[in-house]
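Residue-level listing of the chains:
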Amino acid sequence: MDILTSDSRLQTPDSRLSRNWMVWCFTAPVRGAVVFVDVAMGWPVIRRAKASDSQVWIIAEKEIAENVRNFKIPAAFSLLTVLILMSFFLMSLDYQKRLDNWSTNRAAQSDKLFSGITSNYRSADNQMTMTASSVQSEPLIRKPMMMSVMAKGLDSLMERSVTIGEHASVPPAVGFTFGASQERNRNVMTAAAPDLLFMIKIIVSLLALFFAYDAIAGEKEMGTLKAMLSGPVRRRTVLIGKWIGASLSLAVPFLMAALIGLVYLRLVRGFSFEGAEWMRVALIFAASILYGLVFISLGLLISARSATRKQSIAVALACWVLLVLVLPNVTTLVTERLRPLPTVTEHNISVIPLARQIESEVAASGSEEGFEFPGYGIHHQSAAPKIRQIARQADNDHIARKLDRDRLARTLARFSPAGAFSYAVTDLAGTGLGEFQSYIGKLQRGRDRQIELADEKQNTISINIANEAEQKKANEKLAEFFEKAKQLNRDLYESLVVMRSPQEAIGDALPDLAALAAWSALMLMMAALAFNRADVR
Amino acid sequence: MTTDADDVRSFDQRGGAAQPKALSAIRTIARREIAEQLSSARFLIIALLVVGLTPLAVYVGARDYKSRLEDYNRLVAEQQKMIAGPAGREVKGFDVGWSEGNDLAVLRAIRPPEPVSALVRGLDGALPQYWDFSPTGIVTGPLASRPQRIADVVGHLDMAFLMRVALGLLAILLAFDAVAGEKELGTLRAVLSQPISRAALLTGKLAGGAVTLLLPLAAAFLIALISAQLFGVDLIAAGALAKVVMLALTAGAYLVCFYALGLFVSSLVSSQKTSLVVLLVVWVVAVLAVPPIATMVAQAASPVPTSQYLETRKDALDLDIRRQAELEMGGVYREITGDPEGNADTDKYYKNKESIDRRIVPIEVGYLNRRRQILNEIDRDAERRAANQNRFASLLMAISPAAAFAGAATDLAGTGDAQYAAWLESVRRYQDSLNAALFDDPPTVMIRNRGASFPAELRKPPTVADLPSFAPPRRDAAAVLSRSLPAIGLLGLFTGVFIIGGFFAFSRYDVR
C-alpha cells in the first residue's frame, strides 16, 4: 500500500506553502480515515493485494486531494460549521425558552390554587361558594425533549397544553382537549425550525451532489477519462474510487463540523448528554452520512449520464429540488387523499346527536327526571355513563384513524430519501411519530382512568339528599373524589415526563434507516450501470 | 484602448446620437443570449420541471382551498340557521357552549378563505376560521387547517415556492457563466475588441436573460390559471385576475433580481466554477436558510409570551376579580334574604327579585366588564408583541431578496401578514361596537350561586338585525397592492443594487 507515501501526488508544481499546509490539514484526517477504512474493511483486500483494489484507493485519494485543492472541502467544512453552530445556538435558545415555559406550568401544577380542581373553592368568610359539578383540572404540559435541539419534529405539537375533563360540547362526556399552540406568532408557527435536521436535509444533500456532479462528467469533458480507461483500470474500479473519494470528502468535514457543534453545545450551552443519548446522537450522525451517500450516488449517476458538467449540475439541481423539496410534500398529499379525515370541530360536533339520542332514550323510559344544563339541553343523570362510553369510543376511533394515516404517511415517505431521513432522525431524537403515538396513548389511558372515576363517583354519591347528615357525608365523599382526580392528574403529568427508551426509538427508526440504505444502494447500482454503458468517445 | 471608466462615461455622454447604434448592439447581444440560453440543457430541464410541477402545485392549493371553502360554507349555513332560530331573535349576550341558542355563533365573524391561496398559500391555513364575540371578549376559533408535518421541508408546494426556489435556481444557473464563461473561453476579449461598450454588452446580457426567464414564468402562470379553472377554483370570476397578474409581475422582478445578482458575481470572479459555487451558496442562504434563521433570531430577541403563560395569567386575574365580586355579592345576598349561609335558590330569588336585580346585578355586570377589559388587554399586548417580532424578523429577512419576494407574494395574494393584521383590526373594531351595543349593558345576566344559577332579565334582548354587522377587511387588488408595496420596493432596491454592482464590476474587469 502506498497511501502513506503518496504525498508527492498531492502536490502540484504551482502549489504554494500555504496551500500545501491547507492540503495537509484537510487531508490528514481524511487520509487517516482512508487508512482506517482500508484496514478495517479492506483487510482481505490488502492480504490479496490485488492491483485493482489499490487502484480504488488511489482514485479515491486523488479525488479527495482534488476537492481540497479546489476548495470544495474547505468551503463545505466552513459552511457546515457556520450553519450547524448557528442552528445549535438558535435551537438551544428555543429549547431554553420552552423549558422555562414548562417549569412555569410545573410550578402552577403544585400551586394550591391551580392544582387539580380550581372551581371548588370556598371564599374566606364562607359567604359565597362555587361548587364543582365535574372534574376540571389545570392543563398539563409535557416537558420538551432535550434532543429537540437537533430535530424539533412534533415537539411543538406535544407541548401544547392538554386538559382532561368534560367535553366542551357534550358536558357529561370526559375527553382530552388540546390548547392552542404555545407559539403565538403565526409566522413562527408555520416556519420550519432551523434545526440540525433541516440543515442536513438541505445542505448535506446539496454538498453531496456538488462533490459528485463533475466527478465523471468533468473528466469526460477534459478527456482524461478516455486516457484513464484506456489503461488497465476497470470502470467499476473508477466508479468505486470516485464514490469513496466523494463520500469521504463529504463525511469528514461533516463529522468535524458536527463535533465542533457538539463541543459548543456541551461547553457553551451546557447540554450534557448521557449514555443512551450519545447513542441517539451517534445514530443521528450515522443517518446523516447515509443520507449524504444517497446523494453522492445520485450525483455519480447523473454525472455518468451527462456529457458536460453544465448539464450535470442542472440535472442534479433539478433532481435535488424534486427529491428534497417536492417529493415529501407529494407523499403527505397522497396520504391525505387516501385517508381523508374529518376536522377536529367536525368530530366534536359528531358526538352531539349520539348524546342527544341517548338522552331521549332515557327520557322515553321515564325512569328519572332530567335537569336543564346551560348550552346542552335536558340532561339525565343515568345517561351520563353511556354518553361517556360512546364519546370515548368516538374519540378512540378518530385517534386510531389519525394515527393510521400518520403511519401510512410514514410508509409513503420512504419513497423519498428526505422523507425517510426526517422520520428516522425525529424518531432518534425522541420527537418523532413513535414518541407522539406513545404520548397520545398516555393521554388515552389518563382519560380512561378519569372516566372510571367519574362513573364511580356517580354510583357512590346520590343526588337526592334528604338531610343535613347526608349532605355532609356527600360533601366528604365529593372531596375524596376530587383528591383522587387530582392524584390521577398528577400521575399522568409525571408519566408525560418519561421518554421512550432508546431501544424503542431505534426500533422505530430502523425501517427508515434501511430505506435510506436501500436508496443509497439503488443509486450506486444505477450509477454503475450508467457508467458501464457510458460512451467515452 | 480606452480605460474602462472612460468607456462607461463615453457611452453615457454620447447620448442621443449614439443611441440607435448602442440599442441595436444591445438587441443583437440579447437575441444571441436568448437563442443560446433557450437551447441549453439547463434551461430545458429546470423550465420543464417548473412547468410540470405547476399543475401539481395548483392542484394541492386548489384542494386545500376548496376544503377550507367547504368549512366556511358549513359554518355560514350553521350561523344562518341559528340567526333564523331563537338565538337570532333574542341575543342575550351569554357565554355558553354549543347549543341551539348559541349567541356566540350568531355574532361570529367567519373568515372566507382567499381564492388566490390556491396559488400562494401563505398564512391562509394558519389563520383562525372564525372569531367569536362574547362578554369575555374576542374568542379565537380553531385554525383553518393542520399545522406543519414532519416530512415537509420548506413550507408548502405552491406557485410562490416554484418561483422562489426552482425558477430562482434557473436564474443563477443561467447567469453564473454569462460573463465568467466568456472570460474563460476568451470570447469576451474578442467581443470587447469590437466597437461595443461594456455597458451595452452587459445590458444586452441582462435583457436576454430577463426575456429567457420570463418565458417559463409566463408559461407557468398561464398553466396555473388554466389548471385552477380545471380544478374548480374560478380565479377570474373571483375577481382575482388583477392579483394574479401582479403576482406574476413581482415574480418576474424577483427573477430579474437573481439574474442581476448572477451577472454581478459572474463579472466579479474569473472562473465559472467559482461563480457557480458562490452563487449556489448565496442561493441556499438567501432562499432556504435566511427565513427560518431570521424568524428564530427574532423569536429569541423579541419574545412573545407563550399560550400557557397567557392562559395562567388570565386565569389568575379572573379568579382574583371573581372572588372580589362574589364576596361583595354574597354580602348583599345575605343582607337581602337573611340567609346566614348565603345559599341561593330560585324561590328566594324570585321573592326578592327587585332588590336583587337592583343591587347584585350591577356587581355582576361590573365584574363581567372588568374581566373583558383585563383579558382584552392581555391579548392585545401579546398581539402587539407578535407584531413587533414579525417586524424584527422581516427587518432581518431584508438581507434576502427571496424573503422579500415571499413577503410581497403572500401580501399580494392576500394571504400574508398584512392581511392578518387587517383581519385583527376589523375583528377588534367589531368587538368594540358590540361592547357598546350589547355587552356593556347586557340585556340578561346569569347570576351564579351555590347550586343554582338564574338569569336576571334587565331589558328586552335585541335581535341580530338590531346589532351592528361585521365588516370584513378589504381584499381588492388596490388594497393588497398598497399592503405589499414595502416588500416590492425592497425587491426593486435589490435589483437596482445588483445591476449597478454588475456594471461597476464589469467595467473594472481587466480583460488581458
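Residues numbered from 1 in each chain as written. Chains lettered and ligands numbered in written order. Predicted model: local features only at pLDDT ≥ 70, side-chain atom pairs only at ≥ 80, totals over all residues. Heavy atoms only, no water.

Focus: the packing of aromatic side chains
Going by this rule: Pairing of aromatic side chains here covers Phe, Tyr and the six-membered ring of Trp, requires ring centres within 6.5 Å, and sorts the geometry by plane angle: under 30 degrees stacked, over 60 edge-to-face, intermediate tilted. Helical segments are the DSSP runs of H or I of at least four residues, strand segments are the runs of E of at least two, and each set is numbered from the N terminus. Categorising residues by exposure relies on relative accessible area from a 1.4 Å probe, with only protein chains included: less than 20% of the type maximum marks a residue as buried, more than 50% marks it as exposed, and the intermediate range marks it as partly exposed. In our convention, an over-ring charge means Lys NZ or Arg CZ found within 6 Å of a ring centre and within 35 degrees of that ring's normal.
Enumeration over the complete set of coordinates arrives at 18 aromatic pairs over all chains. Each ring, one from A:F176 and one from A:F178, has its centre 5.9 Å from the other, and the planes form 75°; the classification is edge-to-face. Summarising the aromatic geometry, the rings of B:Y430 and B:F470 are spaced 5.3 Å apart at their centres and angled 70° between planes, so their arrangement reads as edge-to-face. Placement of the pair is B:Y430 in helix α15 (residues 417–439) and B:F470 in the loop between β5 (452–457) and α16 (477–508), with a sequence separation of 40 residues. According to the relative accessible area criterion, B:F470 is buried, its value standing at 19%. In this structure an aromatic cluster arises from ring pairing among B:W131, B:F133, B:W423, B:Y430 and B:F470. A cation over an aromatic ring shows up here: A:R235 above the ring of A:F531, its NZ or CZ 5.8 Å from the ring centre. Above the plane of the ring of B:Y367 lies B:R322, whose end atom (NZ or CZ) is 5.0 Å from the centre.

Here's the deal with the nonpolar core
Soluble, globular proteins show a tendency: their nonpolar side chains are buried together. Inclusion rule: Residue types Ala, Val, Leu, Ile, Met, Phe, Trp, Tyr and Cys, when buried and joined through side-chain atoms within 4.5 Å, form a set referred to as a nonpolar core. Residue ranges for the domains originate in an automatic or database domain assignment. The contact criterion used is simple: two residues touch if any of their non-hydrogen atoms lie within 4.5 Å.
Among the nonpolar cores identified, the biggest contains 217 residues, and A:M150, A:F295, A:W320, B:F258 and B:W283 are the most heavily contacted of them. Residue-level mapping places this core at the junction of two domains, with at least three residues from each of domain 1 (7–84 + 196–324 + 520–533) and domain 2 (114–193 + 335–514) of chain A. Once residues lying within four places of it in the same chain are set aside, the contact partners of B:F258 are B:G168, B:A171, B:I172, B:W283, B:A286, B:V287 and B:A402.

A few points about the packing of helix α8 (residues 196–212) of chain A against helix α13 (residues 309–338) of chain A
All names here are of chain A. So the rule is basically this: All axes here are fitted lines through C-alpha atoms, helices being fitted over the stretch that makes contact, and every angle between N-to-C directions spans 0 to 180 degrees. Geometric relationships in this document are graded by angle, where less than 35 degrees denotes roughly parallel, more than 145 denotes roughly antiparallel, 65 to 115 denotes roughly perpendicular, and other angles denote oblique. Less than a right angle of anticlockwise turn of the near helix away from the far helix marks a crossing as left-handed, whereas a clockwise turn marks it as right-handed. Gly counts as polar in this scheme, as do all residues outside two lists: the nonpolar Ala, Val, Leu, Ile, Met, Phe, Trp, Tyr, Cys and Pro, and the charged Asp, Glu, Lys and Arg.
Taken N-terminus to C-terminus, the directions of α8 and α13 make an angle of 155°; their axes are 10 Å apart at the nearest point. In this view, α8 runs roughly antiparallel relative to α13, as classed from their interaxial angle. Between α8 and α13 lies a crossing whose hand is right-handed. Contacts between α8 and α13 pair K201, I202, S205, L206, L209 and F210 from the former with I313, A316, L317, W320 and V324 from the latter. Here the contact of α8 with α13 is composed, by residue class, of nine nonpolar, one polar and one charged.

Observations regarding a nonpolar patch on the surface
Residue and element names in this part refer to chain B. Our working rule: Note on patches: the residues involved have over 30% relative accessible area and no salt bridge, like charges join within 9 Å, and the nonpolar side chains Val, Leu, Ile, Met, Phe, Trp and Tyr join within 5 Å. Under the convention used here, a 1.4 Å probe and the Shrake-Rupley method define accessible areas, while residue burial counts only the protein chains that appear. Criterion for a salt bridge: a side-chain nitrogen of Lys or Arg within 4 Å of a carboxyl oxygen of Asp or Glu.
A grouping of I236, L241, V245 and L249 is seen on the molecular surface, where their side chains present a nonpolar patch of about 360 Å² in accessible area. Secondary-structure assignment places I236 in the loop between α8 (198–230) and α9 (241–268). Note on I236: relative accessible area 49%, which makes it partly exposed.

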